[in-house]
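Chain by chain, the residues:
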Amino acid sequence: MGNKETQKSLGLTTKIFIALILGAMFGILLHYVVPSSHIKDDILVEGVLYIIGQGFIRLMKMLVVPLVFCSIVCGSMAIGDTKKLGTVGVRALIFYMATTSLAICVALAMGNLLNPGVGLDMSALTANATEMQTMEATSMTSTILNIIPDNPIGALATGNMLQIIVFALIIGIILAKLGEKTETVANFFSQFNDIMMEMTMMVMGLAPLGVFCLISRTFAGIGFSAFLPLAKYMLSVLLALFVQCFLVYLSLLKVFTGLNPFKFIKNFFPVMAFAFSTATSNATIPMSIDTLAAKMGVSKRISSFTVPLGATINMDGTAIMQGVAVVFAAQAFGITLTPADYVTVIGTATLASIGTAGIPSVGLVTLTMVFNAVGLPVEAIGLIMGIDRILDMTRTAVNITGDAVCTTIVAHQNNALDRKVFQNS
Ligand code: ASP
């Protein structure tokens, strides 16, 4: 899938970028040059631009439940196999979860440090838009109990992500346990997963149009004041990705394996560059396994399991984007997040990262789930979507570096790391 997808996604990247610039220019023109009138305000801005922009957001939302469900069933089917691999699976899982939670904390801290959404007032934009989703205050006991779906079909129908994830996890584990007996159903889910990935690609094909309409409506409403916050948002995400990659991963590598982290990054750089250019974790799996074996001395016995698992469930870069996006949107809409909200964000973004498929832009789709969990309006996603491509490419490079670092640590802990290979590389 590599080459074709690369060309397609690169073409799309350019188109989205052009749509962003044109949309911003058109919006600014509308804001500063065209006088207010029925045709401009009601037919163009609140009519055509609004319908197409919101239509695109609805298409994205349409993907979430089936995409997350299938991807978690397939992911946990792979985890189910870990029994065969014993401690490797458990260790990999612990590292994957821990690094993702750390990543979100880095992102939330960076967001609160740089305040990307301060100075941007988007609250007016939602006055006319879709309903603002606010979370009902629930007690601790019912929050815990609510994780267990009393009606899984109801959970799917209402989009209760936590319940959907629990149900999908159980199905995946059972499918792995029953093996050949349930091969047909297992195949069904992995094929349905392929269908959902294809559908995501198709919806993303409409992104240039969606981005144009969303951005121009935003700029028509708030003029130049949107520029600086967007630049600050980008900078916050990039800085947090940098911290995660060069501080968190490299310290973990040094502490747990004693390997020279800079040499590690130098050896792994070609894979990062490939991930950057494709924005697709999945496509880098073979290259990552090969590089880890040839240059770091990681046994394929370990990496052939942990790398695909990581590419499916471990998305630290994506979690970082989501953490910063939460802070950005909350500030832009003037919503104050409580400490409990932050805990919810850490939890849901970790789960969202598990449910994010390793293909371009899915992180934006699962971002809706994080926003819903803390009652943020999903309209903000339309704004950041315009500049997401470059962030998608960068976070994918971080996503797969996280997988590689965890894999190397787990290999070291399981005596499957040949240090001579690393030293001589
Ligand atoms: N493009 C990312 C990946 O493949 C997923 C995302 O964040 O959209 O790892």
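All figures in this text were calculated on a predicted structure; none of them were measured in a lab. (Residues numbered from 1 in each chain as written. Predicted model: local features only at pLDDT ≥ 70, side-chain atom pairs only at ≥ 80, totals over all residues. Heavy atoms only, no water.)

1. Description of the overall build of the chain
For clarity, the cut-off: Every helix listed is a DSSP run of H or I at least four residues long, and every strand listed is a run of E at least two residues long, numbered separately from the N terminus. Pairs of residues are marked as contacts when any of their non-hydrogen atoms sit within 4.5 Å.
Helix and strand counts for the chain stand at 20 helices and zero strands. Of the contacts formed within the chain by residues at least 6 apart in sequence, a portion of 85% connects residues at least 24 apart.

2. A short note on the packing of aromatic side chains
Remark: the centre distance and the inter-plane angle together describe each pair of aromatic rings, the angle taken between the planes. We count it as follows: Whether two aromatic rings pair depends on their centres lying within 6.5 Å, for rings of Phe, Tyr and Trp, where Trp uses its six-membered ring; planes under 30 degrees apart make the pair stacked, over 60 edge-to-face, and the rest tilted. Working definition: with a 1.4 Å probe on protein chains only, accessible area under 20% of the residue-type maximum means buried, over 50% means exposed, and in between means partly exposed. Distance and angle both matter: a charge sits over a ring if NZ of Lys or CZ of Arg is within 6 Å of the ring centre and within 35 degrees of the ring normal.
By the definition in use, this model includes nine aromatic pairs. With 6.4 Å between their ring centres and 25° between their planes, Phe69 and Phe167 make a pair best called stacked. Here Phe167 lies in helix α8 (residues 161–178) and Phe69 lies in helix α2 (residues 38–80), a separation of 98 residues in the sequence. The exposure class assigned to Phe69 is buried, which follows from its relative accessible area of 10%. By relative accessible area, which is 27% here, Phe167 ends up partly exposed. Taken together, a centroid distance of 5.9 Å and an interplanar angle of 65° make the contact between Phe69 and Phe189 edge-to-face. With Phe69 in helix α2 and Phe189 in helix α9 (residues 183–205), the pair connects residues that are 120 residues apart, well separated along the chain. Taken together, the ring pairs in this structure connect Phe69, Phe167, Phe188, Phe189 and Phe192 into an aromatic cluster. Over the ring of Phe422 we find Lys263; its NZ or CZ atom is 5.3 Å from the centre of that ring.

3. Section: the environment of Gln331
In plain terms, the rule: The definition of a polar contact used here is a pair of N or O atoms within 3.5 Å, where within protein one atom must be able to donate a hydrogen and the other to accept one, and adjacent residues in sequence count solely through side-chain atom pairs.
Relative to the assigned elements, Gln331 resides in helix α15 (residues 316–332). What Gln331 contacts, discounting residues up to four positions off in sequence, is Gly111, Asn112, Asn115, Pro116, Gly117, Val118 and Leu120. Among the polar contacts listed, one links the side chain of Gln331 to the side chain of Asn115, at a separation of 2.9 Å.

4. Section: the site of the ligand
Our working rule: One heavy atom within 4 Å of a molecule or strand makes the whole residue count as near it. Per-residue accessibility takes into account occlusion by the displayed protein chains alone, with areas from the Shrake-Rupley method and a 1.4 Å probe. Charged residues are taken to be Asp, Glu, Lys and Arg, nonpolar residues to be Ala, Val, Leu, Ile, Met, Phe, Trp, Tyr, Cys and Pro, and polar residues to be all remaining types, Gly included.
Residues in close proximity to the ligand total 17 residues, the closest being Ser281, Thr318, Gly363, Asp392 and Arg395. Separating a nitrogen atom of the ligand from a backbone N or O atom of Ile359 is a distance of 3.1 Å. Considering the ligand on its own, with 270 Å² of exposed area, one finds that the protein chains cover 100% of that surface. Those elements that provide at least two residues to the shell around the ligand are α17 (362–373) and α19 (388–413). The residue inventory of the shell around the ligand, partitioned by class, reads six nonpolar, nine polar and two charged.

5. Regarding the pattern of salt bridges
Cut-off, in case you're wondering: What counts as a salt bridge is simple: a side-chain nitrogen of Lys or Arg found within 4 Å of a carboxyl oxygen of Asp or Glu.
Applying the stated criterion across every chain, the model contains four salt bridges. A salt bridge links Asp290 to Lys300; the nearest nitrogen and oxygen atoms lie 3.2 Å apart. With Asp290 in helix α13 (residues 281–296) and Lys300 in helix α14 (residues 300–313), the pair connects residues that are ten residues apart, well separated along the chain. Its relative accessible area of 44% is what places Asp290 among the partly exposed residues. What makes Lys300 partly exposed here is its relative accessible area of 43%. With its nearest N and O atoms 3.4 Å apart, the salt bridge here joins Arg395 to Asp392. Residue Arg395 and its partner Asp392 are located together in helix α19, separated by three residues, close to a single helical turn. Owing to a relative accessible area of 1%, Arg395 belongs among the buried residues under this scheme. You can call Asp392 buried: its relative accessible area is 3%. Put simply, Asp388, Asp392 and Arg395 are held in one network by salt bridges that share partners.

6. Regarding the confidence of the model for the chain
As a reminder of what qualifies: Confidence scores here are pLDDT values: one per residue, from the predictor, ranging 0 to 100.
Per-residue confidence for the chain averages 83 on the pLDDT scale, and 90% of its residues sit at or above 70. pLDDT under 50 marks residues 1–9. Its contacts with residues more than four places away, or in other chains, come to eleven contacts. Throughout residues 127–139 the model reports pLDDT below 50, and contacts reaching past four residues in sequence, or to other chains, amount to 19 contacts.

7. Comments concerning the side chain of Thr401
Here Thr401 is to be found in helix α19. A relative accessible area of 0% places Thr401 in the buried class.

8. Notes on the side chain of Thr356
In this structure, Thr356 sits in the loop between α16 (339–355) and α17. The exposure class assigned to Thr356 is buried, which follows from its relative accessible area of 2%. Reaching out from Thr356, the side chain makes a polar contact with the side chain of Thr366 at a distance of 3.0 Å. If we ignore the near neighbours within four places in the chain, the residues touching Thr356 are Thr312, Met315, Thr318, Val362, Gly363 and Thr366.

9. Re helix α11 (residues 227–257)
Inclusion rule: One fewer than the residue count of a helix, multiplied by 1.5 Å, yields its expected span. One axis fitted to the seven residues ending at a residue, another fitted to the seven starting there: the angle between these axes is the bend at that residue.
Compared with an ideal rise of 1.5 Å per residue, which puts 31 residues at 45 Å, α11 spans 44 Å between its outermost C-alpha atoms and is within 8% of the ideal. At Gln244, α11 is bent by approximately 30°, the largest bend along its length. At the exit of α11 stands Gly258, carrying a positive phi of roughly 75°.

10. With respect to helix α4 (residues 87–114)
Between its first and last C-alpha atoms α4 spans 40 Å; for 28 residues at 1.5 Å apiece the expected length is 40 Å, and the two agree. Directly after α4, the chain includes Asn115, whose backbone phi takes a positive value near 45°.

11. Looking at unusual backbone geometry
For Asn115, which is not glycine, the phi dihedral falls at a positive 45°. Mapped onto the fold, Asn115 is located in the loop between α4 and α5 (123–127). A residue is classified by how much of its surface remains accessible, and Asn115, at 26% relative accessible area, is partly exposed. At Asn415, a position not held by glycine, the phi torsion is positive, near 50°. Position of Asn415 among the secondary structure elements: in the loop between α19 and α20 (419–424).

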